[in-house]
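# Structural overview for review
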Amino acid sequence: MPDVYGTILEAIHPHLGARAEAVLEEGLKRLGKRPSELTPADGAHLLKGLVYRELQARMRPEEARRLVEGVLAKIEGQGARLAKLEQGLKRFGLYVDWPEVARLRALVNRLRQSPDPGLLAEGEELLEALDEKMEEALLRQAKDLAHLEEALERVRHLGGPKVRRLESLVETIRQAQKEGILAQAEVERARSLALELRKFLESSAVKTPTLPEIIFETQETPPETPPQAETPSHPSDVFLTVEEASDLEGELVVDLEALSQEASQRILALEVEEEKRKLEELLSRFAPLVERATVSPLLAEVQALLDAGTPVGEKLKALEEAFQEAERNLRAEKRARLIQLQEALRLLSLPEEAKLPLERALQLAEETLEEGGYPDLLPLEEELRRLEEEARRKAEEEKRLLQEKEALVEELKEKGEAFRPLLEELKALPLEALPQRLPEVRARYAELLKAQGEEAALRAKLTEAAKALEALKPEALALGLREKVAEAEALLAQGNLPDLGSLRKSLEDAKAQARQEALLELSRLQALAERFRGFGGEGVLRAIAEEKGKPLPDPTPIARALEALKRRMEVKREELTTRLTAFFQAYARLEGFQSETNRRLKALLPVLKSAQEKLPRLGPQGLLQVERTLSQAEALLRELEKEREAAKAVLQEIRGEDLEALLGVFDQGRTPAQAKPPEAPSTMDLEADLAPLRLPGVEVLGYLGEALPLPREPLEALVQALDQLDKSLGQTRGPAAILLGEKALVLAPRKGRTLVALLEKTSLSAFLLELTS
């Protein structure tokens, strides 16, 4: 194993000095290891974290990045790092519609052909981004699974092939979630089917009875016929047969106009909820295209409608088509631009070895596009401009050298015989020899001027050169040309003329190279900032766009802004950890209270437990997902707390004397024998008998005379009153329902006993259907 600690220290000490050891000591403390115990993986962790941040404060980000890449290559080697990329590609290769996978595939193919530290580092960053994206997608799938399981429980009693198909899809998704695999197609089919069944179930709810307080059904209902309320008073009071409709293989169409306003609103809410989820999926899938001119107006319209609670219908499909069209257009634009760049590079009058790096980069971009990715062409365009500028400067340099040669020839002609040998030598110099020989001729010319007593002319030339050098010096030093500046200053100090033309050429080359490196670094930072959309990344992306437009971009403030976002992300991670812990502790105290709110809250519990496990691995988008889900769960928890307190107050009121006096009017003729409950069956038989009736929304279920969380005396008095009413009407009573606000109390004769159920009013239809089946 290589000496990881020593290799890193040796590489960073020239740049950090004594601070290098302090940084590494801090890293060792966090890892809990000694220097000799550091593995290549530990070294990579330190280099990409603490060391890279420290280096960025001392040098340009692109220089820090190159240094880190070089050290990584030493401690890990190309083979081991490439093997990790290949393993990652195998893991994510199924998701061919992810642009990051396309880019990773193209990078791995290139790295198999030839090593490249820069491409290796890019591949590792892509793999990290894919890990984050996968965790976020699995979190969304966990939420989808919880939603589907809840929907399945709501519609399971309907039966039929659609419900069985939904059960099969949910089981497939559940298994995929356990294995850490995305079942995108199955999720879409299951959600569509669940929405269809939920809409039908909502549309088949029993209409609110017309009697203000109590409704009685005095006819025994045949098993095949749903319980009937009073004859509808207007055409919209309709009932649908759930069993018959659920057996249909085609789409279930619900006529909202034939339903009550309350049922219609519930169905519209279901549609809006599903459309919001689909929009979120579209935005995640087509994130790079949201600002395209053909997409943004329609996207704004869809978002406004959904925020207002209005279903968008076909507009959502039109938006998806607009995204797909924008994607095709983007690919066509990039392909056309690649062809232009390749042709421009081919025509460039430069040696082939100078054009080879850009040629390879263009080929890699083309492979990325073919694989389904979105290659960033801006750095390639900038590199082409740099090469074009280099070709232009080369031509200008040749022209300058020729002009300088001719000017020097004319100057030498005016001198005496002592200068003639130098004149003849200069005339004989070919163009290709001028860059190397012309400085030598100038130096010999200066010596001859001294020897011939023409110090004044030499001093004038030296003064002019010194002023020109002083003007070039600040920019040259900023671009790392310290050695060339020092060389020119040394020549001036010796009384020799420096080659300032060569220095100017080096300065232009360095500016072009610095711009190219800065743009490459900004492209890398842009990919990172994209991951922080919704988390403050939008401001960084705007700053990157502005920086790219400058003559010499500076990635340093962008890198610092992203580091600040990373720190903010860690703070958010800690905050969510604390909130999740507090949530589960609070829910444990309310878990036993049964209500519709608790049922909705229970559906979120698996998602939040999964989020708690994944929290250390989630990126910014995943943390935002967790925060949204947790905020929803916390609101439901507060509502559940209020419901529990309200239920306590209601029970206190039900036990009060006022209600007993109200129900006392039914006590006439009551005998102890009639009030005595029948002998209770065994617990096992009781549970088997009641199991089919434990539907979503049923809060209390049991037989009169058992230990129920309801006041026994008023219930017995009410049953007695119903018996007397049956006797007076000469009828055999079926189930009776009492409406108490949003709740319904059902009393039904069943196997010689009286069944008692307290449930949500929206669940009344399904409960009565199951009860009479």
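Rules used throughout
- Residues numbered from 1 in each chain as written.
- Predicted model: local features only at pLDDT ≥ 70, side-chain atom pairs only at ≥ 80, totals over all residues.
- Heavy atoms only, no water.
- Salt bridge = Lys/Arg side-chain N within 4 Å of Asp/Glu carboxyl O.
- Helix = DSSP H or I, 4+ residues; strand = E, 2+ residues; numbered from the N terminus.
- Buried < 20%, exposed > 50% of the residue type's maximum accessible area, 1.4 Å probe, protein only.
- Axes fitted to C-alpha atoms, helices over the stretch in contact; angles between N-to-C directions.
- Parallel < 35°, antiparallel > 145°, perpendicular 65-115°, else oblique.
- Left-handed = near helix turned anticlockwise from the far one by under 90°.
- Contact = heavy atoms within 4.5 Å.
- Pairing = 2+ DSSP bridges.
- Phe/Tyr/Trp six-rings, centres within 6.5 Å; stacked < 30°, edge-to-face > 60°.
- Lys NZ or Arg CZ within 6 Å of the ring centre and 35° of its normal.
- Nonpolar A, V, L, I, M, F, W, Y, C, P; charged D, E, K, R; others polar.

The full count for this structure, using the stated rule, is 64 salt bridges. The shortest N-O distance in the salt bridge between Glu100 and Lys133 comes to 3.1 Å. Of this pair, Glu100 sits in helix α6 (residues 99–113) while Lys133 sits in helix α7 (residues 117–155), and the two are 33 residues apart along the sequence. Residue Lys133 is classed as buried on the basis of its relative accessible area of 17%. Between Glu381 and Arg337 there is a salt bridge, with its nearest N and O atoms 2.8 Å apart. On the criterion of sequence distance, the pair formed by Glu381 in helix α15 (residues 378–413) and Arg337 in helix α13 (residues 314–347) is long-range, its members being 44 residues apart. Judged by relative accessible area, which is 29%, Arg337 ranks as partly exposed. Within the structure, one salt-bridge network assembled from shared partners comprises Asp144, Glu188, Arg191, Glu274 and Arg277.

Turning to the packing of α13 against α15, a few remarks are in order. Running from N to C, α13 and α15 cross one another at 20 degrees; their axes reach a closest spacing of 11 Å. Comparing the axis directions of α13 and α15 gives the class roughly parallel. In this structure, α13 meets α15 at a crossing whose hand is left-handed. Every residue of α15 that contacts α13 at Arg337, Leu341, Ala344 and Leu345 is listed here: Leu380, Glu381, Leu384, Leu387 and Glu388.

Within strand β3 (residues 736–740), four of the five residues are buried, which leaves it mostly tucked inside the rest of the structure. Sheet topology note: the β3/strand β4 (residues 743–750) ladder contains five bridges and is antiparallel. Each bridged residue has a counterpart across the sheet, and for Leu740 the counterpart in β4 is Lys743. A loop of two residues connects β3 with β4, the two strands running antiparallel in sequence, and Gly741 in this loop sits at a positive phi of about 70 degrees.

Further remarks concern the environment of Glu62. Along the chain, Glu62 turns up in helix α4 (residues 61–76). For Glu62, a relative accessible area of 5% translates into the label buried. As a C-alpha pair, Glu62 and Asp554 span 492 residues in sequence and 9.7 Å in three-dimensional space.

The next subject is the packing of aromatic side chains. Scanning the entire structure with this criterion turns up five aromatic pairs. When the centroid spacing of 5.0 Å and the interplanar angle of 5 degrees are considered together, the rings of Phe286 and Phe323 count as stacked. One end of the pair, Phe286, is in the loop between α11 (261–285) and α12 (296–307); the other, Phe323, is in helix α13, and 37 residues separate them in sequence. Residue Phe286 shares its accessibility class with Phe323, and that shared class is buried. Plain terms: the ring middles of Phe583 and Tyr587 are 6.3 Å apart, the flat faces sit at 15 degrees to each other, and that makes the pair stacked. Of this pair, Phe583 and Tyr587 are both found in helix α22 (residues 556–590), four residues apart, which corresponds to roughly one turn of the helix. In terms of burial, Phe583 and Tyr587 fall into one category: buried. Put simply, the rings of Phe583, Phe584 and Tyr587 pair up and form one aromatic cluster. Cation over ring: Arg568 sits above Phe535, and NZ or CZ is 4.7 Å from the ring centre.

Bringing the packing of α15 against helix α16 (residues 420–427) into the picture now. Closest axis-to-axis distance for the α15/α16 pair is 9 Å, and the angle between their directions is 155 degrees. By the criterion of interaxial angle, the relationship of α15 to α16 is roughly antiparallel. By crossing handedness, the relation of α15 to α16 is classed as left-handed. On α16, the residues that touch Lys405, Leu408, Val409, Leu412 and Lys413 of α15 are Leu422, Leu423, Leu426 and Lys427. Its residues placed into classes, the contact of α15 with α16 shows six nonpolar, no polar and three charged.

So far we have only geometry, and geometry alone does not tell us how the molecule works.
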